[in-house]
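# Notes for the structure review
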Amino acid sequence: MAATTTRAIVYHTSDDLRLEEVRLPALKPGELLVRIRACGLCPGEAMDWYMARKAPLVPGHEPVGEVVGTGEGVAGYASGDRIFVHHHAPCLVCRHCRRGDYVHCETFRRTKLIPGGLSEFAIVPAEVVRADVLRIPPGLSDEAATFVEPLACVVKAAHRAGIGPGDRILVIGLGVMGMLHVLLARRLGAELIIGADRVSSRLSRSAQLGADLVVDVTRESLPDAVRACTDGAGADVVVVGPGTVEAIQLGFDCVAPGGTLSLFTPTPPDVVWPFPVHDAYFREITVVPSYSAGPPETKDALQWLAAGLPVEALVTHRYSLDGAAEGYRLVREATEALKVVVRP
Ligand SMILES: [Zn+2]
Ligand SMILES: [Zn+2]
């Protein structure tokens with residue numbers, strides 16, 4: 001394939017996303033060309049401080065593609081194959097990779113889909129083809145398959161936080177990532193799942209999805225509510241969705257002695273959380289950040305989806321490419337919208 005162009009969404013600023021013709025370079029050896037069938041909008045892409053330092057860029061890293069071209073030397077894929085393609089992929093041989101810390105691999109940081117997921121067509125770099133492309137099973141819908149990447153991030157965070165049988169879990173922030181934590185924690189054997197948010201529709205949705213108890217943080221003291229249903233102890237694992245000091249401190253105040261605070265979202269770079277060392281020491285609280293996900297987690301996520309994890313219930317809005325700006329606006333608003341899926 002010679003160089004051409006494709007229609008894609010270009011993020012310039014949070015209120016300036018444009019549908020543009022973007023250059024698509026010639027397909028190189030080892031690469032795949034895909035038509036994007038569907039792509040989810042990530043809440044992280046609605047964090048303006050995070051996007052501002054990358055702009056202008058074509059967002060979208062939750063894609064499902066269909067193979068339309070194969071570069072020289074690519075075996076095992078044919079036109080029409082439905083695949084998940086990760087936006088980053090590790091080298092699999094460096095020290096970080098050998099230790100399983102794929103997101104710290106230099107290749108992982110450097111690779112990306114060209115131009116991105118919110119595009120009609122995209123090129124999958126050779127490193128990604130080698131390390132993190134997954135075939136979508138026939139029974140799994142495109143919409144469900146857009147959850148491979150976000151669910152992989154949740155699989156990794158849950159693993160790092162040690163969520164397992166008998167645990168009492170608190171999830172602060174019931175956007176789509178919080179809801180995925182609720183769904184997954186139940187299947188990992190959590191004994192009690194508490195959901196906390198300030199939006200009533202999100203609270204009721206999380207109860208439908210399996211949260212045992214929901215707490216409206218605008219009406220109740222969350223630490224009091226959590227202690228009331230955990231024999232005064234607190235939650236064994238607290239997952240903090242919002243990337244704010246207030247949410248992190250609130251989460252810290254709800255962790256049981258010996259428990260874990262899971263930080264799922266970054267704060268902006270200049271934000272400082274005054275770490276309560278005294279409390280953390282005597283209560284032996286473990287603080288575990290979790291950033292993105294690597295090949296083992298995308299495989300796990302696909303298995304959960306293929307086994308019927310009911311993620312399609314989380315899709316609240318669907319758009320074509322020119323609706324992406326409106327989709328991000330809804331994600332940023334963080335009220336009714338959970339997963340917004342774009343079909344280029
Ligand atoms: Zn994301
Ligand atoms: Zn590596």
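Residues numbered from 1 in each chain as written. Chains lettered and ligands numbered in written order. Predicted model: local features only at pLDDT ≥ 70, side-chain atom pairs only at ≥ 80, totals over all residues. Heavy atoms only, no water.

Let us look at the domain arrangement of the protein. A common way to state how big an interface is: give the accessible area lost once the parts meet. The domains assigned to the protein are domain 1 (4-147 + 309-342) and domain 2 (152-289). Placing a centre on the C-alpha atoms of domain 1 and another on those of domain 2 gives a separation of 28 Å. Tallying the contact residues gives 18 residues for domain 1 and 20 residues for domain 2. Both faces combined, the contact of domain 1 with domain 2 buries some 1,500 Å², and carbon together with sulfur accounts for 71% of it. Across the contact surface, domain 1 and domain 2 share 4 residue pairs in polar contact (both at pLDDT 80 or more). (Domains from an automatic or database assignment. Contact = heavy atoms within 4.5 Å. Buried area = accessible area lost by both parts, 1.4 Å probe. Polar contact = N/O pair within 3.5 Å; in protein donor to acceptor, adjacent residues only side chain to side chain.)

Turning next to the coordination of the zinc ion (ligand 2). Taken together, Cys91 (SG), Cys94 (SG), Cys97 (SG) and Cys105 (SG) make up the full set of protein donors to the zinc ion (ligand 2), lying 2.3 to 2.4 Å away. Metal-centred angles of 105 to 115° between the 4 donor atoms at the zinc ion (ligand 2) mark the site as tetrahedral. Read N to C, the donor residues that coordinate the zinc ion (ligand 2) are spaced as C-x2-C-x2-C-x7-C. One exposure class covers both Cys97 and Cys105, and it is buried. (Donors = N, O, S within 2.8 Å, 3.2 Å for Na, K, Ca; no water. Tetrahedral: all angles 85-135°; square planar, octahedral: opposite > 155°, others 65-115°. Buried < 20%, exposed > 50% of the residue type's maximum accessible area, 1.4 Å probe, protein only.)

Our focus in this paragraph is helix 12 (residues 295-306). The end-to-end C-alpha distance of helix 12 is 17 Å, a good match for the 16 Å that 12 residues give at a rise of 1.5 Å each. Among the residues of helix 12, those classed as buried are Pro295, Glu297, Thr298, Ala301, Leu302 and Leu305. Burial along helix 12 is one-sided: seen end-on, the buried residues are contained in an arc of 160°. Buried-residue contacts for helix 12 involve strand 5 (82-85), helix 4 (126-131), strand 7 (133-135), helix 5 (142-145) and helix 6 (148-161). The positive-phi residue at the C-terminal boundary of helix 12 is Gly308, with phi of around 100°. (Helix = DSSP H or I, 4+ residues; strand = E, 2+ residues; numbered from the N terminus. Expected span 1.5 Å × (residues − 1). Arc of directions from axis to C-beta.)

This part takes up the nonpolar core. If you look at the biggest cluster of nonpolar residues, it comprises 48 residues, and the most contacted ones within it are Phe147, Leu151, Ile163, Leu180, Val311 and Leu314. Taken together, the elements giving at least two residues each to this core come down to helix 5, helix 6, strand 8 (168-172), helix 7 (176-187), strand 11 (235-240) and helix 12. Examining the composition of this core, we find that 9 residues originate from one element, helix 6, more than from any other. For this core, the domains that each give at least three residues are domain 1 (4-147 + 309-342) and domain 2 (152-289). Not counting residues within four places of it along the chain, the set of residues in contact with Leu314 comprises Phe147, Val176, Met179, Leu180, Leu183, Arg205, Leu209, Leu338 and Lys339. If you look at the next biggest cluster of nonpolar residues, it comprises 35 residues, including Tyr50, Leu118, Ala122 and Leu330. (Core = buried A, V, L, I, M, F, W, Y, C linked by side-chain atoms within 4.5 Å.)

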